[in-house]
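# Working through the structure, step by step
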Amino acid sequence: MTVRVRCEVTGVVQGVGFRPFVFGLASRLGLGGFVRNEPRGVTLELEGDEDRIDSFLDSLKNDPPPLARIEEIKTDAVPTLGEKRFVIRESDLEGSRGVLVSPDIATCDDCLRELLDPADRRYRYPFINCTNCGPRYTIVTDLPYDRSRTTMSVFSLCEACREEYTDPSNRRYHAEPTCCPVCGPRMRLVDVNSRDIGGDDPTAEAIRLLESGKVLAIKGLGGFHLAANAAHDDAVKTLRSRKHRDQKPFALMVAESAAAHEIGIVSLVEERLLTGRERPIVLVKKRDDAPISPLVAPRSDSFGVMLPYTPLHHLLMAGEYPALVMTSGNISDEPIAYTNDGAQKDLGGLADAFFIHDRGIHTRNDDSVMRVIQEAPRFIRRSRGYAPFPVTMPLDTGGREVLAVGAELNNTVALSRGRHVFLSHHIGDLKNLAAYESFMEAIRLLESILEVTPSVVATDLHPDYLSTRYARESGLPLAQVQHHHAHIAAVLAEHQRCDPVIGVALDGLGWGDDATLWGGEFLVADLVGYNRAGSLEPVLQPGGDAAAKRPPRMAYAYLAGALGDGADEAARRHLPALEDEERRLTARLLETGLNSPRTSSMGRLFDAVSALIGVCDRNTFHSQAPMELEAEAQKAADEDGFYPVSIREDESGVLRARAADIFPDTISDMNGGVSTSVLAARFHNSIARMILDMVRRIREASGIETAALSGGVFANAFLTERLVTLLADNGFEVLEHSLVSAGDGGISLGQAAVAAARGMKERE
Ligand code: ZN
Ligand code: ZN
Ligand code: FE
């Protein structure tokens, strides 16, 4: 029977080859009708045999074009018109902002084949792309998405490119950034004085420089990388000293997955992540015989590895090196450089030469970083390849949209639209003017591409964060969300849950509602509010921020709690890094309480133990001591010993876990000659058991059987694996992150969800 149906499709359906896909499928099935871009998605009408229309819809749902993300397909029967042919109708897209912008996507196999084919007109052309791959988010200046509103607008298509661009059967039909050597951007290799040094083949010359140990600033997709031959000790050393980065591991790029297996132990899940079209950096365990300079990741047991994701990377990886160091092109904590001028200004002292091009980057976008824990990919940093794809909340804002400004470290911002929360790229640590400017640009961009004017701004409670200050000065009504509540709300939002859970929020620092520093928190929480049911027993953080950089000071603070007057003697014996002067200062700070805020931070507890057992005495980068403590524990993965931690209920009814209990037991094990790795493993086991005890007591009191885990500590695989197993064995349902980072990069999502839930409650 011949019928006609009208379908409205929403989601990421424009700029991703959707119409040619529909055109091809309908034509193959002999259906008539049309497809057209609309302000809120794509509309199509299909006319023909009912069974064939069903099979069309099945294919669309189950096997859409690779970059499309279909949110919804609404179908309605309409009167037949007798159409036998299928066409793509041009549409007037003015004012169309409802569609979602695709993230930037790695070079596809078809483009890669052409890139390496001497007979192809784009042979070795570093900007080859098509509707299935290439830049998107980073080049979009406004919506609707077409070439004139991207940084490609300055390049006009040549005849050959235009033909492809206008042919519905071509892979480059409406591929907005399409171009070729005749009409598109070009690479230039220049020295620090902007003099051309590339000759006829700048790519070949860039490879030669890298092979010989030079440091290159390379303009990529979302910003500049500093690149160096990863097997070349002197090159890596030069990069370290110029970047003033002593110990923090550098990320590596390898040519293909076989090369990743040569430097790391890569599981199936990790392999799938590495080769996926988002191309994140994946943390993999180092191979001892990896042909990589020991200076790349000197104190770490893993490498951050990624595969090429632009045509330029594919070309550069043809050089004679096992891997390239590819680290963000920035000075210390500033955001990644993304303009040619900015790079030459910021990176002038860091790079020997600049490999640049004239395709503008509108929005900077760092590489995403992932770690596989218990066979599941987790975000350490969610940015390129994923931003700005939204997370769907379990509720609708009802038009009262929320701008969430995040926390301070690893900041992201988020903007809601209906049920969706759109997270920005990784902005970085909001501690300097450059980062703050990038933060404001990110807000402007989200507001513009989503065409949303927020009516409330959600922010952290911390009075000193730049994000909090921005929120206060915005003039919008404030929704203040406690940091750890936001962490737990982020997990709830991801899982589309609104019901109360036992939230376990573990991190370095968040402002508590009692104006002390929190970070080892057990909250009975839903999206609207929370009750602090338990925490680590607070200790003093001697010297405030200074102590966060100096793990031995935290160890001293815990020793003071555990041993009282005996602490100084124990510190002399076990904390050699704390020399006389700093030890006396620490003792005095603890005695007087001067500049020593109370903290229940789990991160600081990891610091303390890391220092006590001699693993790490200085955090030269964020979370160094805890990460090294985990790496140590991984060497004793079979160890199941632990130290009991007592839990008491304080005057206000909050359960307090006395982590100081761990210290005397650890010291007696140290005196008994127990190895460092066993000590580290026992500490992790102790924390996992303490958490289990806590949530069981809270379950008894509340009847809640779901535990939600969040906070930066859950980047720790050793702890997460043990804890999740214990919780599951004890009948808990466990909610973990999979769509955003457990760290502070996920805070903006949680803030948005809390503000939306409160708004909904008010309206009820
Ligand atoms: Zn392609
Ligand atoms: Zn062209
Ligand atoms: Fe946090």
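Rules of the game
Residues numbered from 1 in each chain as written. Chains lettered and ligands numbered in written order. Predicted model: local features only at pLDDT ≥ 70, side-chain atom pairs only at ≥ 80, totals over all residues. Heavy atoms only, no water. Donors = N, O, S within 2.8 Å, 3.2 Å for Na, K, Ca; no water. Tetrahedral: all angles 85-135°; square planar, octahedral: opposite > 155°, others 65-115°. Buried < 20%, exposed > 50% of the residue type's maximum accessible area, 1.4 Å probe, protein only. Helix = DSSP H or I, 4+ residues; strand = E, 2+ residues; numbered from the N terminus. Patch = residues over 30% accessible without salt bridge, like charges linked within 9 Å, V, L, I, M, F, W, Y side chains within 5 Å. Areas by Shrake-Rupley, 256 points an atom, 1.4 Å probe, with all protein chains shown as cover. Salt bridge = Lys/Arg side-chain N within 4 Å of Asp/Glu carboxyl O. Lys, Arg positive; Asp, Glu negative; His and termini not counted. Charge placed at Lys NZ, Arg CZ, Asp CG, Glu CD. Pairing = 2+ DSSP bridges. Axes fitted to C-alpha atoms, helices over the stretch in contact; angles between N-to-C directions. Contact = heavy atoms within 4.5 Å. Domains from an automatic or database assignment. Buried area = accessible area lost by both parts, 1.4 Å probe. Polar contact = N/O pair within 3.5 Å; in protein donor to acceptor, adjacent residues only side chain to side chain. Nonpolar A, V, L, I, M, F, W, Y, C, P; charged D, E, K, R; others polar. Phe/Tyr/Trp six-rings, centres within 6.5 Å; stacked < 30°, edge-to-face > 60°. Lys NZ or Arg CZ within 6 Å of the ring centre and 35° of its normal.

### Focus: the coordination of the zinc ion (ligand 2)
Summarising the metal site, the zinc ion (ligand 2) is bound by the protein donors Cys158 (SG), Cys161 (SG), Cys180 (SG) and Cys183 (SG), whose distances to it range over 2.2 to 2.4 Å. With 4 donor atoms in place around the zinc ion (ligand 2) and angles of 103 to 116° between them, the coordination shape is tetrahedral. As a motif over one chain, the donors of the zinc ion (ligand 2) read C-x2-C-x18-C-x2-C. Given a relative accessible area of 0%, Cys180 falls into the buried group. We classify Cys183 as buried; its relative accessible area is 10%.

### A word on the coordination of the zinc ion (ligand 1)
Every protein donor of the zinc ion (ligand 1) is accounted for by Cys108 (SG), Cys111 (SG), Cys130 (SG) and Cys133 (SG), and the metal-donor separations fall at 2.3 Å. Its 4 donor atoms give the zinc ion (ligand 1) angles of 104 to 120° at the centre, a pattern that matches the tetrahedral case. Along the chain, the residues that donate to the zinc ion (ligand 1) are spaced as C-x2-C-x18-C-x2-C. One end of the pair, Cys108, is in the loop between strand S5 (86–88) and helix H3 (109–115); the other, Cys133, is in the loop between H3 and helix H4 (159–165), and 25 residues separate them in sequence. We note that Cys108, like Cys133, is buried.

### Remarks on a negative patch on the surface
Taken together, the side chains of Asp49, Glu50, Asp51, Asp54 and Asp58 make up a negatively charged region of the molecular surface. The leading source of residues in the negative patch is helix H2 (residues 50–62), at 4 residues.

### Thoughts on the sheet that holds S5
With mixed pairing, the 5 strands of this open sheet are ordered in space as S4-S1-S3-S2-S5. In this open sheet, the two strands that pair with only one neighbour each are strand S4 (69–78) and S5. Here the strands of the sheet are splayed against their neighbours by 15° on average, with no regard to which way each runs. Of the pairings in the sheet, the one linking strand S1 (residues 2–12) to S4 comprises 9 bridges and is antiparallel in character.

### A look at the sheet that holds strand S20 (residues 420–423)
What the 6 strands build is an open sheet, ordered S17-S20-S19-S18-S21-S22; its pairing is mixed. Every interior strand has two partners, whereas the edge strands, strand S17 (391–392) and strand S22 (478–481), have only one. As judged from the 2 bridges shared by strand S18 (residues 402–404) and strand S19 (residues 414–417), these two strands associate in the antiparallel manner. Bridge pairing in S19 places Leu403 opposite Leu415. Contacts from helix H11 (residues 433–450) reach S18, S19 and S20 within the one sheet, and its direction differs from that of S19 by about 20°. Contacts from helix H13 (residues 483–494) reach S17, strand S21 (456–460) and S22 within the one sheet, and its direction differs from that of S22 by about 95°.

### Quick notes on the domain arrangement of the protein
In terms of domains, the protein is made up of domain 1 (2–88), domain 2 (101–184), domain 3 (187–369), domain 4 (377–534 + 744–763) and domain 5 (536–690). Each of domain 4 and domain 5 has a C-alpha centre, and the two are 30 Å apart. Contact residues are listed per partner, giving 15 residues for domain 4 and 16 residues for domain 5. Each partner contributes to the roughly 1100 Å² buried at the junction of domain 4 and domain 5, and carbon and sulfur atoms together form 54% of this total. Broken down residue by residue, the surface that domain 4 buries against domain 5 is led by Gly508, Leu517 and Arg532, which jointly contribute 39%. The interface formed by domain 4 and domain 5 holds 0 salt bridges in total. Along the contact surface separating domain 4 from domain 5 lie 12 residue pairs in polar contact (both at pLDDT 80 or more). For the side of domain 4 that touches domain 5, the secondary structure elements donating two or more residues are strand S23 (501–511), strand S24 (517–525) and strand S25 (530–536). Tallying contributions element by element places S24 first for the side of domain 4 that touches domain 5, with 6 residues. Class assignment for the residues of the side of domain 4 that touches domain 5 results in 6 nonpolar, 6 polar and 3 charged.

### What to know about the packing of aromatic side chains
Both the distance between ring centres and the angle between the ring planes are used here to describe each pair of aromatic rings. Throughout the structure, instances matching the rule amount to 6 aromatic pairs. With a centroid separation of 5.2 Å and an interplanar angle of 90°, the aromatic rings of Phe439 and Tyr470 are classed as edge-to-face. Of the two residues, Phe439 sits in helix H11 while Tyr470 sits in helix H12 (residues 466–473), which places them 31 residues apart along the sequence. In this structure Phe439 comes out as buried when scored by relative accessible area, which is 0%. A relative accessible area of 18% places Tyr470 in the buried class. In this structure, Arg89 packs its charged tip against the face of Phe34, placed 3.9 Å from the ring centre. The positively charged end of Arg689 is found above the aromatic ring belonging to Phe642, 4.3 Å away from the centroid.

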